[in-house]
Amino acid sequence: MRAWVSASVAARRDAGMVTSEYAVGVIAAVAFAAALYKVVTSGQVGEELQGIVGRALNVQM
């Protein structure tokens, strides 16, 4: 009985960890998305992407 009580107390004490880990993951994902947006919208990368798309659309089948 004592083991069950201590296990349930430990589970309650650890309940907030999932939420905080989720929050850190979301913040990291947003930071990565912001950095990726900056890179993709830069001049040189934009020109390269347009060139890739243009070549893909002009492929003869």
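Scroll up to find the structure this text is about.
Residues numbered from 1 in each chain as written. Predicted model: local features only at pLDDT ≥ 70, side-chain atom pairs only at ≥ 80, totals over all residues. Heavy atoms only, no water.

A few points about the overall build of the protein chain
As a reminder of what qualifies: Helix and strand definitions here come from DSSP, where helices need a minimum of 4 consecutive H or I residues and strands a minimum of 2 consecutive E residues; each element is numbered from the N-terminal end. Classification of residues uses two cut-offs on accessible area relative to the type maximum, computed with a 1.4 Å probe and protein chains only: under 20% is buried, over 50% is exposed, and between them is partly exposed. Throughout, the Shrake-Rupley method with a 1.4 Å probe supplies accessible areas, and for residues the shown protein chains are the sole cover considered.
In terms of regular secondary structure, the protein chain is built from three helices and zero strands. The N-to-C order of helical and strand elements in the protein chain reads α-α-α. Counting only residues that meet the buried cut, the protein chain has 0% of its 61 residues in that class. Carbon and sulfur atoms make up 68% of the accessible area of the protein chain, which amounts to about 5700 Å² in all.

Observations regarding the environment of Val-40
Using the following cut-off: Two residues qualify as a contact provided that any one of their heavy atoms is within 4.5 Å of a heavy atom in the partner residue.
Position of Val-40 among the secondary structure elements: in helix H2 (residues 15–40). Setting aside anything within four residues of it in sequence, one finds Val-40 in contact with Val-45, Gly-46 and Leu-49.

Quick notes on a nonpolar patch on the surface
As a reminder of what qualifies: Patches in this entry comprise residues that are over 30% relatively accessible and not in a salt bridge; like charges within 9 Å are linked, as are nonpolar side chains (Val, Leu, Ile, Met, Phe, Trp, Tyr) within 5 Å. One side-chain nitrogen of Lys or Arg within 4 Å of one carboxyl oxygen of Asp or Glu is enough to make a salt bridge.
A surface patch of nonpolar side chains, about 540 Å² in accessible area, is lined by Phe-32, Leu-36, Val-39, Val-40, Leu-49 and Ile-52. Of all the secondary-structure elements, those providing two or more residues to the nonpolar patch are H2 and helix H3 (43–57). Secondary-structure assignment places Val-39 in helix H2.

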